[in-house]
There are 2 protein chains.
Amino acid sequence: MGISERKEREKTEMKQLIMSAALKMFLEDGYAKTSIRNIADAIEYSPGTIYLYYKDKDELLYEVQGLAYGELLTAFKKNATSTNPVEKLVQIGKTYVNFGLDNPELYDLMFIIRAPMNVDETIHKDNGDQTFDFLTDCLKECISQNLLRLKDVNMGALQVWSMSHGMVSLNLRCRLKIMEMTEDQVRETLAASIENYIASITL
Amino acid sequence: MGISERKEREKTEMKQLIMSAALKMFLEDGYAKTSIRNIADAIEYSPGTIYLYYKDKDELLYEVQGLAYGELLTAFKKNATSTNPVEKLVQIGKTYVNFGLDNPELYDLMFIIRAPMNVDETIHKDNGDQTFDFLTDCLKECISQNLLRLKDVNMGALQVWSMSHGMVSLNLRCRLKIMEMTEDQVRETLAASIENYIASITL
DNA sequence: CAAATATACTGAACACTGTTCAGTATATTT
DNA sequence: AAATATACTGAACAGTGTTCAGTATATTTG
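Peer 1: Sorry if this is basic, but what is going on with the nonpolar core here?
Peer 2: A general trend in soluble globular proteins is that nonpolar side chains are found buried together. Of all hydrophobic cores here, the largest spans 134 residues; its most connected members are L60 of chain A together with L60 of chain B. Contact partners of L60 of chain B, with chain neighbours within four places excluded, come to I18, M19, A22, F26, I36, I39, I50 and Y54 of chain B.

Set out below in structure tokens:
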């Protein structure tokens, strides 16, 4: 019988409806300022309904994070295409930083917001791992071609990620205000710093 | 008349009472999970009383931040004492990272938590600037002695701070779980990475 | 010293939050 | 047509930051 299939379809459609409304509001107002009631209002359902499709607000977050990790990977694949692995590494760094500057609320919810890290939620881990692998693969290539001072992939990944994340998150929290720059200057300086940093670790 | 002076004294004592209770609870349970009512209960006053001494919860945060920036500066002065500016730079980085790992809730509230950045609140800006200057002064020394590949103090400060902050904050948000390390390994790896990074930018 | 005033504090109330769940209305199966 | 299963509601619960009329105490004034 096709009824149960239609029901299944309706269920995923409903999840998508909730998800798209939630995502839109997260991007506009941020995760914290978006309430379940607001989301419910937006899709013209009662608050309780959302809990029939998502266990709690965190589960909405996890799904958005998974999607966002995927988007970041897409950005990497689009922008970090150099065949020179060191150049590619620079492209990865710049793409990461620009992604954060261009999507502040998304970046916030991907990497800064406090929420119990979920272990299950396959899309989350899968996309997260794949995105991270894009970086480590590039580093492996750099190291195997003996292009970097670094010999350890993990340490390289840690450095590049920490540097990039540090730049984005300090800027998002207005901590770079101490350096008195316009928004454009921040963008330029961050890009130049990524470039300079990778030049420094290049042999 | 000594009455107004006693009143003044009582007022600062009351602020201190609130502050010390708030700080204790922030460190134990985190800023977000500490409520004004909890603080009021702890000092056996009504919630409304706290608002007679602090405009809102953010103002409590700003004061704690100011104190914490001061503490970080103290840690710098204690641990980053090398006369060799590059060595000193390494000490600053390691001290920063350890400070974050040792005081996770404090670090969270200093640099990660989302709150409208306050412009006034002198202790805040003063301590923040002084702590930042400790880093820039060291970098100026490094650069003036031509010890680094870097020639721009601002870019150096940005790199060192971003790298250190990135490491601490990614770890605090469990994002380094992807690298599968024990807590001790994380500590070692972060320290080694700081060292390795500064070695890389050293001439 | 008593009355008037100033100060300190209270705690109920407001408008929110995430979450739950008995009850209802609709759809499906018997 | 009756019984059952599903989907949804919206009031209720316990919590949040914040405000403010009212009270109780301390100080000043006549």
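Peer 1: When you look at the protein's contact with DNA strand C in this model, what are you seeing that I'm missing?
Peer 2: Taken together, 21 residues lie near DNA strand C, and R6, R37 and Y51 of chain A together with T49 and Y53 of chain B sit nearest. Between DNA strand C and R37 of chain B, the relevant distance is 3.4 Å, taken from a base nitrogen to a side-chain nitrogen or oxygen of the residue. Between S46 of chain B and DNA strand C, the recorded distance is 2.8 Å, taken from a backbone N or O atom to a phosphate oxygen. Looking at the surface near DNA strand C, the elements that each hand over two or more residues are helix 1 (3–29), helix 2 (36–43) and helix 3 (47–53) of chain A together with helix 3 (47–50) of chain B. Taken together, the residues of the surface near DNA strand C sort by class into seven nonpolar, seven polar and seven charged.

Peer 1: Is there a simple way to explain empty space enclosed by the protein in this structure?
Peer 2: Any empty space left between the atoms is revealed when a probe the size of a water molecule rolls over them. Summed over the entire model, instances satisfying the criterion amount to one cavity of 30 Å³ or more. A volume near 40 Å³ is recorded for the largest cavity. Looking at the largest cavity, the residues that line it are F111, I112, H165, S169 and R173 of chain A together with F111, I112, H165, S169 and R173 of chain B. Only helix 6 (104–112) and helix 8 (153–172) of chain A together with helix 6 (104–112) and helix 8 (153–172) of chain B provide two or more residues apiece to the lining of the largest cavity.

Peer 1: Explain the layout of surface pockets here, please?
Peer 2: Of the volumes computed, that of the largest pocket is approximately 860 Å³. At the level of elements, helix 4 (57–79) and helix 6 of chain A together with helix 4 (57–79) and helix 6 of chain B are the ones that each hand at least two residues to the lining of the largest pocket. It is helix 6 of chain A that provides the largest number of residues to the lining of the largest pocket, a total of four residues. Of the residues contributing to the lining of the largest pocket, the split by class is 13 nonpolar, two polar and 15 charged. Considered as a void within the structure, the second largest pocket measures approximately 630 Å³ in volume. Lining the second largest pocket are 30 residues; nearest its centre among them are G128, D129 and F132 of chain A together with R175 and I178 of chain B. Counting only elements with at least two residues in the lining of the second largest pocket, the list comes to helix 4, helix 5 (85–102), helix 7 (122–144) and helix 8 of chain A. Of all the elements, helix 7 of chain A adds the most residues to the lining of the second largest pocket, at ten residues. The residue makeup of the lining of the second largest pocket, split by class, is 15 nonpolar, eight polar and seven charged.

The rules behind the values
Going along each chain's sequence as written, the residues are numbered from 1 onward. Numbering of ligands from 1 and lettering of chains from A proceed in the order in which they are written. The predicted nature of this model means local features are confined to residues of pLDDT at least 70 and side-chain atom pairs, given and counted, to a pLDDT of 80 or more, with totals for whole chains, interfaces and linings taken over all residues. Here the side-chain values reflect all heavy atoms present in the structure, with hydrogen atoms and water set aside. Put simply, buried Ala, Val, Leu, Ile, Met, Phe, Trp, Tyr and Cys residues joined by side-chain atoms within 4.5 Å make one nonpolar core. Type-normalised accessible area, obtained with a 1.4 Å probe on protein chains alone, sets the label of each residue: buried when under 20%, exposed when over 50%, and partly exposed for intermediate values. Between two residues, a contact is recorded if the distance between any of their heavy atoms is within 4.5 Å. For this purpose, a residue is taken to be near a molecule or strand whenever a single non-hydrogen atom of the residue falls within 4 Å of it. We call two N or O atoms a polar contact when they sit within 3.5 Å, provided that within protein one can donate a hydrogen and the other can accept it, with sequence-adjacent residues counted only if both atoms are side-chain atoms. Note on conventions: DSSP H or I runs of at least 4 residues are helices, E runs of at least 2 residues are strands, and numbering of each starts at the N terminus. Three residue categories are used. Nonpolar comprises Ala, Val, Leu, Ile, Met, Phe, Trp, Tyr, Cys and Pro, charged comprises Asp, Glu, Lys and Arg, and polar comprises the others, including Gly. Detection works on a 1 Å grid of protein atoms alone, calling trapped sets that fit a 1.4 Å probe cavities and calling open sets with protein on both sides within 12 Å along at least five of seven lines pockets, with lining residues defined by an atom within 4 Å of a point. Grid points are joined across faces, edges and corners, and a volume is the space filled by probe spheres set on the points.

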